[in-house]
Amino acid sequence: MAQRLLGFLVRLALCLLAPPGAAQMPEVHVGIVQSQNSAPYMDATQALVNSLARQGAPQHAVEILSPTELAGLPVARLLRVKVWVALGTEAATALAQAQLKVPVLNALLPRSSFERVLRASGRRASARFNLLQLDQPVPRQLALIRLALPKARRLGVLWGPDSLPKASVLRSLVSSQGLALQEAQLDEGASLFAALQSVLDSSEVLLAFADPLVFNSSSIQNILMTTIRAQVPLVAFSPAYVRAGALLAVYSTPTQVGTQSARWVLGVLANQALPEQPLEPDDFEIGVNAQVARALGLSLDAKVLHQAMKRQEQQP
């Protein structure tokens, strides 16, 4: 019910936002598959369709579906869609299995989840099935540490199977900037807290990468308590972790993901191809836990950090 109501409101908004003369524009179709009806997915969807309207494509007929509804869609309606957007892992799985002949942009999921979808479906990343990943670029994460904690020279990381592919990039960046990297790699059955303690003993800041073997609902509170006791700040990847006790995080919001997705959707509708390789998020936010910062004797301002990072990224 909520999904049908959202679809109606989206189509109404597209009509109301149409500029003069838009009635003559050819009708095209965008399909959006939401993994869930929860706020993050609905926020991303709303941002996507609002961006389509603002960019002068108000007559796009937008189809908003759940994975179950996609499976029951008649072939004739599938053929009317020129580009699909999957929001979340369940939606990406459903569209991978559908074996559509038009481009699919997957969003609102990390790269490791996308790669699992690829393996399960026998696909590979391509211009027909690509990803706008939630993961922040490693240089951006390191830039946040350098700005917020300029005196920190020893960086700690816990790698799991999902995050380990980022290790070579981080090692190269750390080496080029004269920093030291303290690492531990976890496998199934390994002692998380023995590895954590060994890393914290030689680190001034702990950088967290999204990896369910390391950071999950069962481990996060103990990790946060251990880092706080050790006076080693945790730089995380989501606002939820900042609220829970991490010092900092850089992340992209669902609205930012939806807005960036719209730009690629418009490109496809203008007969441009998606890139062959996964895309990184353009826009981002910074979160700061002021209480943790005070406990560590730090004065940090999320807006100031955000502006400084934006200026850095805009430099040639």
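Residues numbered from 1 in each chain as written. Predicted model: local features only at pLDDT ≥ 70, side-chain atom pairs only at ≥ 80, totals over all residues. Heavy atoms only, no water.

Enquirer: Outline the side chain of Ser238, supporting the account with residue identities and numerical values.
Expert: Structurally, Ser238 can be placed in the loop between β9 (234–236) and α11 (239–244). Setting aside chain neighbours within four positions, we find Ser238 in contact with Ala249 and Tyr251. (Helix = DSSP H or I, 4+ residues; strand = E, 2+ residues; numbered from the N terminus. Contact = heavy atoms within 4.5 Å.)

Enquirer: Describe the packing of aromatic side chains, with residues and values.
Expert: On inspection of all chains with the given rule, the structure shows five aromatic pairs. Ring geometry for Phe114 against Phe129: centres 5.9 Å apart, planes inclined by 15 degrees, an arrangement best described as stacked. Pair noted here: Phe114 is in helix α6 (residues 111–121) and Phe129 is in strand β5 (residues 129–132), with a separation of 15 residues, a long-range link. With a relative accessible area of 1%, Phe114 lands in the buried category. Here the aromatic rings of Phe237 and Tyr241 are separated by 4.9 Å at their centres, their planes lie at 50 degrees, and the arrangement is tilted. Among the residues examined, Tyr241 registers a relative accessible area of 12% and is labelled buried. Sitting over the face of the ring of Phe129, Arg123 holds its NZ or CZ atom 4.4 Å from the ring centroid. (Phe/Tyr/Trp six-rings, centres within 6.5 Å; stacked < 30°, edge-to-face > 60°. Buried < 20%, exposed > 50% of the residue type's maximum accessible area, 1.4 Å probe, protein only. Lys NZ or Arg CZ within 6 Å of the ring centre and 35° of its normal.)

Enquirer: Explain the pattern of salt bridges residue by residue, including any values.
Expert: Applying the stated criterion across every chain, the model contains nine salt bridges. We note a salt bridge from Asp282 to Arg263, for which the minimum N-O separation is 2.8 Å. Of this pair, Asp282 sits in the loop between α12 (254–269) and β11 (285–288) while Arg263 sits in helix α12; the two residues are 19 residues apart in sequence, bridging distant segments of the chain. Here Asp282 falls in the partly exposed class, since its relative accessible area comes to 41%. As a salt-bridge pair, Lys310 and Asp283 come within 2.8 Å of each other at their nearest N and O atoms. Taken together, the residues span a long stretch of sequence, with Lys310 in helix α14 (residues 302–314) and Asp283 in the loop between α12 and β11 at a distance of 27 residues. (Salt bridge = Lys/Arg side-chain N within 4 Å of Asp/Glu carboxyl O.)

Enquirer: Go over the packing of helix α9 (residues 192–200) against helix α10 (residues 220–229) with me, naming the residues and quoting the values.
Expert: Across the interface, α9 lies against α10 with an axial gap of 11 Å and an inter-helix angle of 25 degrees. In terms of their interaxial angle, α9 and α10 are classed as roughly parallel. As α9 packs across α10, the resulting crossing turns out to be right-handed. On α10, the residues touching Leu192, Phe193, Leu196, Gln197 and Leu200 of α9 are Asn222, Ile223, Thr226 and Thr227. When grouped by side-chain class, the residues that make up the contact of α9 with α10 number five nonpolar, four polar and no charged. (Axes fitted to C-alpha atoms, helices over the stretch in contact; angles between N-to-C directions. Parallel < 35°, antiparallel > 145°, perpendicular 65-115°, else oblique. Left-handed = near helix turned anticlockwise from the far one by under 90°. Nonpolar A, V, L, I, M, F, W, Y, C, P; charged D, E, K, R; others polar.)

Enquirer: Break down the side chain of Gln256 for me, with residues and values.
Expert: Locating Gln256 in the fold gives a position in helix α12. On the basis of relative accessible area, Gln256 is assigned to the buried category, the value being 11%. Only 2.9 Å separates the side chain of Gln256 from the backbone nitrogen of Thr253, close enough to count as a polar contact. Excluding its chain neighbours within four sequence positions, the residues that come into contact with Gln256 are Tyr251, Asp283, Phe284 and Glu285. (Polar contact = N/O pair within 3.5 Å; in protein donor to acceptor, adjacent residues only side chain to side chain.)

Enquirer: Which residues make up the sheet that holds strand β6 (residues 154–159), and what values go with them?
Expert: Spatial strand order, β7-β6-β8-β9-β10-β11: six strands in an open sheet with mixed pairing. Since the sheet does not close on itself, it has two edges, and those belong to β7 (180–185) and β11, each with one partner. Geometrically, the sheet is characterised by an average inter-axis angle of 20 degrees between neighbouring strands, direction not taken into account. Here strand β8 (residues 205–207) runs beside β9; their pairing, made up of two bridges, is parallel. The residue of β9 that forms the bridge with Leu207 is Val235. Of the strands in this sheet, β6, β8, β9, β10 (248–251) and β11 touch helix α7 (residues 138–148), which is tilted by about 145 degrees from β10. Docked against the sheet, α14 engages β10 and β11, running at close to 145 degrees with respect to β11. (Pairing = 2+ DSSP bridges.)

Enquirer: Report on the nonpolar core, specifying residues and quantitative values.
Expert: In this structure, Leu144, Leu155, Val157, Leu170 and Leu207 are the most contacted members of the largest nonpolar core, which totals 29 residues. Looking at this core, the elements with two or more residues in it are α7, β6, α8 (167–176), β8, β10, α13 (290–295) and α14. Per-element tally for this core: the top contributor is α7, with five residues. Every residue in contact with Leu170, bar those within four places of it in the chain, is listed here: Val138, Leu155, Val157, Trp159, Leu181, Leu207 and Phe209. (Core = buried A, V, L, I, M, F, W, Y, C linked by side-chain atoms within 4.5 Å.)

Enquirer: Residue-level account of the pairing of β7, with values.
Expert: In the sheet, β6 pairs with β7 via six bridges, with the strands oriented parallel. Bridge pairing links Trp159 to Gln185 in β7. For the handedness criterion, the β-α-β arrangement of β6, α8 and β7 is classed as right-handed. (Right-handed = clockwise from strand over helix to strand, strands pointing away.)

Enquirer: Summarise the sheet that holds strand β1 (residues 29–34); cite the residues concerned and give the values.
Expert: Pairing within the open sheet is parallel, and its five strands lie in the order β2-β1-β3-β4-β5. Each having just a single partner strand, β2 (61–65) and β5 make up the two edges of the open sheet. Neighbour-to-neighbour, the strand axes of the sheet open up by a mean angle of 20 degrees, direction not taken into account. By the bridge criterion, five bridges tie β1 to strand β3 (residues 83–87) in an arrangement that is parallel. The residue of β3 that forms the bridge with Gly31 is Trp84. Sitting on the sheet, helix α2 (residues 39–54) touches β1, β2 and β3, and the angle it makes with β1 is about 170 degrees.

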